[in-house]
Amino acid sequence: MKRLIALIMTAAIAAGLFGCNEKNIVFKGRIEQIREGCILVSTSDNVGFGEAIVYIANDVEVPENFIVGGEFMITILPQMDAGEPVQVTAVKLESAND
């Protein structure tokens, strides 16, 4: 029993340490819908999803040309909530046309 508890604790600590090394993800997205506090985007970049609901962090500066149909480079946290579409959090938005 003690070995099992020690093994579980070791696995939990290792998962926590290795999980901290995840990097933010950057992709080019096209705005499909703008909602209160989030946007629906589509992408053809190889990021593991084709559409995402992107929640915008409070400290993110939103570009002036932020409109439906606009293309942006979106930097998101690596954590994704499963679902269809996936749900992610943006930490940076930049116009893709600059």
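Here the structure is shown first, and the text comes after it.
Residues numbered from 1 in each chain as written. Predicted model: local features only at pLDDT ≥ 70, side-chain atom pairs only at ≥ 80, totals over all residues. Heavy atoms only, no water.

Draft legend 1. Structural context of the environment of G50. You can see G50 is positioned in the loop between β2 (38-42) and β3 (51-56). C-alpha of G50 to C-alpha of G29: the two residues are 21 residues apart in sequence and 9.3 Å apart in space. Filtering out sequence-adjacent residues up to four positions away, G50 remains in contact with V41, S42 and T43. (Helix = DSSP H or I, 4+ residues; strand = E, 2+ residues; numbered from the N terminus. Contact = heavy atoms within 4.5 Å.)

Draft legend 2. Geometry of the pairing of strand β4 (residues 71-76). Relative to β4, strand β1 (residues 25-35) runs antiparallel, the two being bridged by six bridges. Among the inter-strand pairings, G29 is bridged to a residue of β4, identified as F72. Where β4 lies against strand β5 (residues 86-95), five bridges are found, and the strand directions are antiparallel. Bridge pairing in β5 links I76 to A90. (Pairing = 2+ DSSP bridges.)

Draft legend 3. Up close: the sheet that holds β5. In space, the five strands of this closed barrel follow the order β1-β2-β3-β5-β4, with mixed pairing throughout. Direction aside, the axes of adjacent strands within the sheet are offset by 55 degrees on average. Two strands pair when backbone bridges link them, and β3 and β5 are joined in this way by five bridges, in the parallel orientation. Paired with V54 across the strands is V88, a residue of β5. (Axes fitted to C-alpha atoms, helices over the stretch in contact; angles between N-to-C directions.)

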